[in-house]
Amino acid sequence: GNSVTQMEGPVTLSEEAFLTINCTYTATGYPSLFWYVQYPGEGLQLLLKATKADDKGSNKGFEATYRKETTSFHLEKGSVQVSDSAVYFCALRGVQGAQKLVFGQGTRLTINP
Amino acid sequence: DAGVTQSPTHLIKTRGQQVTLRCSPKSGHDTVSWYQQALGQEPQFIFQYYEEEERQRGNFPDRFSGHQFPNYSSELNVNALLLGDSALYLCATLTRQGAGNTIYFGEGSWLTVV
């Protein structure tokens, strides 16, 4: 079945540092890939998405490129801010069946001033 | 444009009781899914409703049931509550019109079972 594996957390960085959160997936065909962010006590917000190979999703300074050859969708940001502190989930939606999401285990990110 | 709205936001129930959670989809969305997110874990798919029918179900017991109304809103019902049902319950909606559509989440309903 489909699965997503994320970089183990928690991750702690200083403000303005470079961020990478690794995400790899297993799926048949060409799934759609997503990054969602969850701030404390809140629901999930879509951060960015990519629906086909070599697509780059971007939003709020975050980027991720859909790499079919390495089955990866790593999240990057060049200069993080304290307000980026949250839990980040990588997710995929398969091509078959209902429109459900399969999530990675989440990565807790803390940015220190 | 209203997003996905859920109610109630927080509730406390006793073991053995029953609970109903509600979801109104984002405008234009016709498909509703429910996810359970235990503390510190990723969301897990419970089931999905489209055209008032359950279309797919995750690995959850029959104590979890749902309904979708003609206006696309949905309810999640959980019977015979267990302590382990304590979690954030998330509603997610999308439209099946077109391809590659984004799934949007509500803020969730926090359920505590004591």
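Structure: above.
Residues numbered from 1 in each chain as written. Chains lettered and ligands numbered in written order. Predicted model: local features only at pLDDT ≥ 70, side-chain atom pairs only at ≥ 80, totals over all residues. Heavy atoms only, no water.

Q: Looking at this model, I keep getting lost on the packing of aromatic side chains. Mind explaining?
A: Centre-to-centre distance and the angle between the planes together describe a pair of aromatic rings. Summed over the entire model, instances satisfying the criterion amount to 12 aromatic pairs over all chains. Consider the rings of Tyr35(B) and Phe45(B), whose centres lie 5.6 Å apart with planes at 70°: the pair is edge-to-face. In this pair, Tyr35(B) is assigned in strand S4 (residues 31–37) and Phe45(B) in strand S5 (residues 44–50), connecting sequence segments 10 residues apart. Across the pair, Phe45(B) and Tyr35(B) agree in class, each one buried. A connected cluster of aromatic rings, assembled from ring pairs, spans Phe34(A), Tyr36(A), Phe89(A), Phe103(A), Tyr35(B), Phe45(B) and Phe105(B). The lysine or arginine in question, Lys68(A), covers the ring of Tyr30(A), its NZ or CZ lying 4.3 Å from the ring centre. (Phe/Tyr/Trp six-rings, centres within 6.5 Å; stacked < 30°, edge-to-face > 60°. Helix = DSSP H or I, 4+ residues; strand = E, 2+ residues; numbered from the N terminus. Buried < 20%, exposed > 50% of the residue type's maximum accessible area, 1.4 Å probe, protein only. Lys NZ or Arg CZ within 6 Å of the ring centre and 35° of its normal.)

Q: Where do I start with the side chain of Gln38(A) in this structure?
A: You can see Gln38(A) is positioned in strand S5 (residues 32–38). Polar contacts involving the side chain of Gln38(A) include one to the main-chain carbonyl oxygen of Glu42(A), which spans 2.9 Å. Within the structure, the side chain of Gln38(A) is placed 2.9 Å from the side chain of Gln37(B), a separation counted as a polar contact. Among all residues touching Gln38(A), those that are not within four sequence positions of it are Gly43(A), Leu44(A), Ala86(A), Val87(A), Phe89(A), Gln37(B) and Leu88(B). (Polar contact = N/O pair within 3.5 Å; in protein donor to acceptor, adjacent residues only side chain to side chain. Contact = heavy atoms within 4.5 Å.)

Q: Before we go on, may I ask you to explain the pairing of strand S10 (residues 86–93) of chain A in this structure?
A: Consecutive residues of a regular strand have side chains that alternate between opposite faces of the sheet. Residues and elements named next belong to chain A. Where burial is concerned, most of S10 is hidden: 8 out of the 8 residues are buried. Here S10 shows a buried face lined by Ala86, Tyr88, Cys90 and Leu92 and a second buried face lined by Val87, Phe89, Ala91 and Arg93. In terms of strand pairing, S5 meets S10 through 7 bridges, oriented antiparallel. Bridge pairing in S10 places Leu33 opposite Leu92. In this structure, S10 lies alongside strand S12 (residues 107–112), joined through 3 bridges in antiparallel fashion. When the bridges of S12 are listed, Ala86 appears paired with Leu109. As judged from the 3 bridges shared by S10 and strand S11 (residues 101–103), these two strands associate in the antiparallel manner. Across the sheet, Ala91 pairs through a bridge with Phe103, a residue of S11. (Pairing = 2+ DSSP bridges.)

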